[in-house]
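# Reading the structure
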Amino acid sequence: MTTIDTRPLRTLVHTAGSPEGEWWRDAVIYQVYPRSFADASGDGIGDLPGVTARLDHLAELGVDAVWLSPFYRSPQADAGYDVADYRDVDPLFGTLADFDEMLERAHRLGLRVIVDLVPNHTSDEHVWFQAALAAGAGSPERARYLFREGRGVDGTEPPNNWQSIFGGPAWTRTTDPDGTPGEWYLHLFDSRQPDLDWEHPEVRSEFEDVLRFWLDRGVDGFRIDVAHGMVKAPGLPDWDGHVSMIDGSDDVEPTDTVSGSGNQGPMFDQEGVHDIYRAWNRVLAEYPGDRALVAEAWVEPLSRLSRYVRSDEMHQAFNFAFLATHWHAPALRTVVEASYRASDAVGAPTTWVLSNHDVVRHASRLGLAEPGSRPNGIGRGDEQPDEALGLQRARCASLLMLGLPGSAYLYQGEELGLPDHTSLDDDLRQDPAFFRTGGAERGRDGCRVPLPWSATEDGFGFSPSGVTWLPQPEEWASYALDAQRGVPGSTYETYRAALQLRRESGLGSGGLEWLRGLGDDVIAFVNRDVLVVANLGTGPVPLPAGAEILLASIDPAFADDGSVLVPSDATIWARYTD
Ligand code: BGC
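Residues numbered from 1 in each chain as written. Predicted model: local features only at pLDDT ≥ 70, side-chain atom pairs only at ≥ 80, totals over all residues. Heavy atoms only, no water.

### Let's talk about the packing of aromatic side chains
- Tallied over the full model, the rule gives 28 aromatic pairs.
- The interplanar angle of 40° and the centroid separation of 5.5 Å between the aromatic rings of W67 and F318 together place this pair among those described as tilted. One end of the pair, W67, is in strand β3 (residues 65-68); the other, F318, is in the loop between β12 (316-317) and α9 (320-324), and 251 residues separate them in sequence. Comparing W67 with F318, the two get one shared label, buried.
- Ring centres of F129 and Y145 lie 5.0 Å apart, and the angle between their planes is 75°; on these two criteria the pair is classed as edge-to-face. Taken together, the residues F129 in helix α5 (residues 127-135) and Y145 in the loop between α5 and β7 (147-148) connect sequence positions 16 residues apart.
- Residue F129 is classed as buried on the basis of its relative accessible area of 2%. (Phe/Tyr/Trp six-rings, centres within 6.5 Å; stacked < 30°, edge-to-face > 60°. Helix = DSSP H or I, 4+ residues; strand = E, 2+ residues; numbered from the N terminus. Buried < 20%, exposed > 50% of the residue type's maximum accessible area, 1.4 Å probe, protein only.)

### Observations concerning the site of the ligand
- As a matter of local geometry, the ligand sits amid 15 residues, with D78, D225, E296, H357 and D358 nearest to it.
- Take H121: an N or O atom from its side chain is 2.9 Å from an oxygen atom of the ligand.
- At 3.0 Å, a side-chain N or O of R444 approaches an oxygen atom of the ligand.
- The fraction of the free accessible surface of the ligand (310 Å²) that becomes covered by protein chains is 100%.
- Split into classes, the residues belonging to the shell around the ligand amount to five nonpolar, three polar and seven charged. (Near = heavy atom within 4 Å. Polar contact = N/O pair within 3.5 Å; in protein donor to acceptor, adjacent residues only side chain to side chain. Areas by Shrake-Rupley, 256 points an atom, 1.4 Å probe, with all protein chains shown as cover. Nonpolar A, V, L, I, M, F, W, Y, C, P; charged D, E, K, R; others polar.)

### Structural notes on the side chain of H274
- As for its placement among the helices and strands, H274 is situated in helix α7 (residues 273-285).
- One polar contact links H274 to E313, side chain to side chain, over a distance of 2.6 Å.
- In this structure, H274 is in contact with D269, R307, Y308, R310 and E313, ignoring residues within four places of it in sequence. (Contact = heavy atoms within 4.5 Å.)

### With respect to the sheet that holds β3
- Read from one edge to the other, the open sheet built from eight strands follows the order β12-β11-β10-β6-β3-β2-β14-β13, with strand pairing classed as parallel. The sheet terminates laterally at β12 and β13 (351-353), the two strands that pair on one side only.
- Of the pairings in the sheet, the one linking strand β2 (residues 28-32) to β3 comprises four bridges and is parallel in character. Bridge assignment links Q31 to a residue of β3, and that residue is W67.
- Most of the contacts of helix α4 (residues 96-108) go to strand β6 (residues 112-117), to which it runs at about 140°, and overall it touches β3 and β6.
- Its contacts with the sheet put helix α12 (residues 387-403) on β2, β13 and β14 (407-411), and the angle it makes with β14 is roughly 150°. (Pairing = 2+ DSSP bridges. Axes fitted to C-alpha atoms, helices over the stretch in contact; angles between N-to-C directions.)

### Observations regarding the confidence of the model for the protein chain
- Averaged over the protein chain, the pLDDT score is 95; the fraction of residues at 70 or greater is 96%.
- Here residues 245-256 is a poorly scored stretch, pLDDT under 50, and it has 35 contacts once near neighbours within four places are set aside; other chains count. (pLDDT = per-residue confidence, 0-100.)

### A closer look at the sheet that holds strand β8 (residues 171-175)
- If you trace the three strands from one edge of the open sheet to the other, you get β7-β9-β8, paired in antiparallel fashion. The open sheet has two edge strands with one neighbour each: β7 and β8.
- Relative to strand β9 (residues 181-186), β7 is paired through two bridges, and the arrangement is antiparallel. Paired with R148 across the strands is W184, a residue of β9.

### Here we look at unusual backbone geometry
- A cis amide bond links E300 to the next residue, P301, at an omega of 0°.
- Structurally, P301 is set in the loop between β11 (292-295) and α8 (302-305).
- Backbone geometry at L236 places phi at a positive 45°, although glycine is not the residue there.
- Of note, L236 is situated in the loop between β10 (221-224) and α7.

### So, the pattern of salt bridges
- Here the structure, examined in full by the defined rule, presents 38 salt bridges.
- A salt bridge links E202 to R144, with the nearest nitrogen and oxygen atoms 3.0 Å apart. Of this pair, E202 sits in helix α6 (residues 201-217) while R144 is found in the loop between α5 and β7, placing the two residues 58 residues apart along the sequence.
- By relative accessible area, E202 is classed as partly exposed at 36%.
- For R144, a relative accessible area of 12% puts it in the buried group.
- The shortest N-O distance in the salt bridge between D358 and R444 comes to 2.9 Å. Residue D358 is found in the loop between β13 and α11 (362-365), and its partner R444 is found in the loop between α13 (432-436) and α14 (481-484); the two are separated by 86 residues along the sequence. Side by side, D358 and R444 carry an identical accessibility label, which is buried.
- Each of the salt bridges in this network shares a partner with another, and the network as a whole consists of D78, D358, D431, R444 and R448. (Salt bridge = Lys/Arg side-chain N within 4 Å of Asp/Glu carboxyl O.)

### A short note on the environment of S191
- Residue placement: S191 occurs in the loop between β9 and α6.
- Take S191: its relative accessible area is 21%, and that puts it in the partly exposed class.
- Residues S191 and D426, spaced 235 residues apart in sequence, show a C-alpha to C-alpha distance of 21 Å.
- Beyond its immediate sequence surroundings of up to four residues, S191 is in contact with T172, Y185 and R436.

### What to know about the packing of α12 against helix α15 (residues 491-504)
- The interhelical angle for the contact between α12 and α15, taken along N-to-C directions, is 10°, at an axis separation of 10 Å. As far as their axial angle goes, α15 and α12 are roughly parallel. On α15, the residues touching L391, R395, S398, L399, M401 and L402 of α12 are T491, T494, Y495, A498, L499 and R502.
- Across the contact of α12 with α15, the residue classes break down as seven nonpolar, three polar and two charged. (Parallel < 35°, antiparallel > 145°, perpendicular 65-115°, else oblique.)

### Focus on the pairing of strand β22 (residues 570-576)
- For β22, the buried fraction is high: six of the seven residues fall into the buried class.
- With six bridges connecting them, strand β17 (residues 530-535) and β22 associate as antiparallel partners. By the bridge assignment for β22, L531 is matched with A574.

### As for the domain arrangement of the protein chain
- In terms of domains, the protein chain is made up of domain 1 (1-16 + 511-578), domain 2 (20-123 + 199-495) and domain 3 (127-186).
- Between the C-alpha centres of domain 1 and domain 3 the distance comes to 58 Å. (Domains from an automatic or database assignment.)

### Thoughts on α12
- Between the first and last C-alpha of α12 there are 24 Å, a value that for 17 residues agrees with the 24 Å anticipated at 1.5 Å per step.
- If you check which residues of α12 are buried, you get G390, R393, A394, R395, C396, A397, S398, L399, L400, M401, L402 and G403.
- Among the residues of α12, the N-terminal cap falls to D386, whose side-chain oxygen and the backbone nitrogen of A388 are separated by 3.2 Å. (Expected span 1.5 Å × (residues − 1).)

Right, here's the structure in full:
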């Protein structure tokens, strides 16, 4: 084959680093949502022994680390993001001994483990909140939360006009022991998730202690929930903007660095949060082995997000601007380039993600008429995604993401190409967002359905009893792991091959040079010696001459002269063969 010199068509965006850097700089981290990953007890809800039993799958897939969503003691008002005891495992998920066993097994398999920390709010069943309710107005117990007098006659109006991210007012009024209406307390999420007051020194020391509790057990890091929300503007001023963590505003076209998914207002991204992360960075530094903090911060623009990963703060921050960008090559190129500009400025890696437990899975999002739009859940009567197109685009997007330098997060099931359950009965829904919006938002249950492991077993092998806490669509048999394992070209085998090549070729710590000249609808770049070409246009485009295919998201096409074509909605990884 003839080799062409493509160097004049290249533009350097990000310079390669060392493959020997800290592990989190280039790690692929797999999110386990414990209630839906694997059930060992037979109650239909996933648990820690279930995770342990399936860790081999993650080792075979080839990820570097696992992040577990909360498994702590909790009344499950928000699926565990309402923590009643930060130092214990909820009986639903097992015991501390089960956790230790899972951690040990993961480490033996070479997998690091990150746990979720939920510091913005506790459960209403946390001892602190119960004590605060019992102690009454003005008490030291109430000072750990944000209790305030109401406004208006007899305090019948909430203290300010803030809305909960799940819908409805962000304040709930308490009832005093004598039955009369009392103070209000703030909850940015559900009324069963009261916000802590991070100005209180006891709150700060308690969470440093919780960090140490899990670091002492051997965890490799923490994903910090609502990392941009803990400190509120002084005086809790009114705000008339729209608060939404999950869908952003779809009508905002991506511009330089804004996808519309960032939270704004006096409850988010206040300067004071950074003091907390500097203190936590010092706590982690007391421990050996590069422990990591990852920010779940819906903050834009990206230059603002990168402040969370300055060298003395956190280590990673999920790049939600990338997740939220529409299926549009110029917009994606813009967000990729802006991401490197912002994170390179502070010496941090970018942290790519396409799906998680809060958003419609990318296999469904990308099958909508406006691919990439972000409804908060899809249900009966809503526009249904085109499943085949969604899967094809999801595979294209995943290979694009995994070719990019930086760290990447995978959400359980995406390695199977799993879509959302998009026709779940509303009366089975559990997400508080569904109830607090009166059903206007379907909520996040559709992306939380238990995984299909086996095509032929009841409940697709999720639980020994065949029971699943949410029903799985019948068509999921074709997505089951055992239907894809060993099948060349299946989504699972494509992910495995991608992760192996990514590791062998050092793509995570690599660099990015745009390759121009393939058309506006094509995202093409060179990372080390791998050429990545993602074609988002409607027709096939030729792969540059001299490049040999390493991996393709779908079968490539061929021109009459036998040269390779990258089909529409496909990504090809290739290498020059000179
Ligand atoms: C979590 C959500 C949760 C919310 C409140 C989010 O960041 O990812 O699942 O409902 O925080 O804790």
